[in-house]
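Now for the letters of each chain:
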Amino acid sequence: MNHPWIVYLTAYLGVRIERARNAPSRGASAVEWVIITAIIAGVALGLATLIKTLVEQKSSEIQGTFGGGGGGGGADS
């Protein structure tokens, strides 16, 4: 166990592990990702509901303007 490469690797890994333990945390944790995802999903759901409501209102306006369609252009009209 006193081979120079083993001593070197042990020291190198020890330094790397110590740096990793003492380094300031970078990036978002899993909980933060869940919160961010939930917020984005909520905004998307709200926008989808708003768009659906606006489309249904315009559809009702169009149907009211044209009286619900027409006779269909059949031969009897």
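Rules used in this analysis
- Residues numbered from 1 in each chain as written.
- Predicted model: local features only at pLDDT ≥ 70, side-chain atom pairs only at ≥ 80, totals over all residues.
- Heavy atoms only, no water.
- Helix = DSSP H or I, 4+ residues; strand = E, 2+ residues; numbered from the N terminus.
- Expected span 1.5 Å × (residues − 1).
- Polar contact = N/O pair within 3.5 Å; in protein donor to acceptor, adjacent residues only side chain to side chain.
- Salt bridge = Lys/Arg side-chain N within 4 Å of Asp/Glu carboxyl O.
- Buried < 20%, exposed > 50% of the residue type's maximum accessible area, 1.4 Å probe, protein only.

Peer 1: Talk me through helix α2 (residues 30-65); I want residue IDs and the actual numbers.
Peer 2: If you check α2, its first and last C-alpha atoms are 52 Å apart, about what 36 residues at 1.5 Å a residue would give, namely 52 Å. A positive backbone phi angle near 70° is found at G67, which sits one or two residues after α2.

Peer 1: How would you summarise the environment of T65 if you had to cite specific residues and measurements?
Peer 2: Mapped onto the fold, T65 is located in helix α2. Separated by 2.8 Å, the side chain of T65 and the backbone oxygen of E61 make a polar contact.

Peer 1: So, the pattern of salt bridges: which residues are in play, and what are the values?
Peer 2: Enumeration over the complete set of coordinates arrives at 2 salt bridges. A salt bridge links E56 to K52, with the nearest nitrogen and oxygen atoms 3.8 Å apart. Of this pair, E56 and K52 are both found in helix α2, 4 residues apart, which corresponds to roughly one turn of the helix. Relative accessible area serves as the criterion here: at 46%, E56 is assigned to the partly exposed category. Using a relative accessible area of 53% as the deciding quantity, one classes K52 as exposed. Its salt-bridge partner being K58, residue E61 comes within 3.8 Å of it at the nearest N-O pair. Here K58 and E61 lie together in helix α2, a separation of 3 residues that amounts to about one turn.

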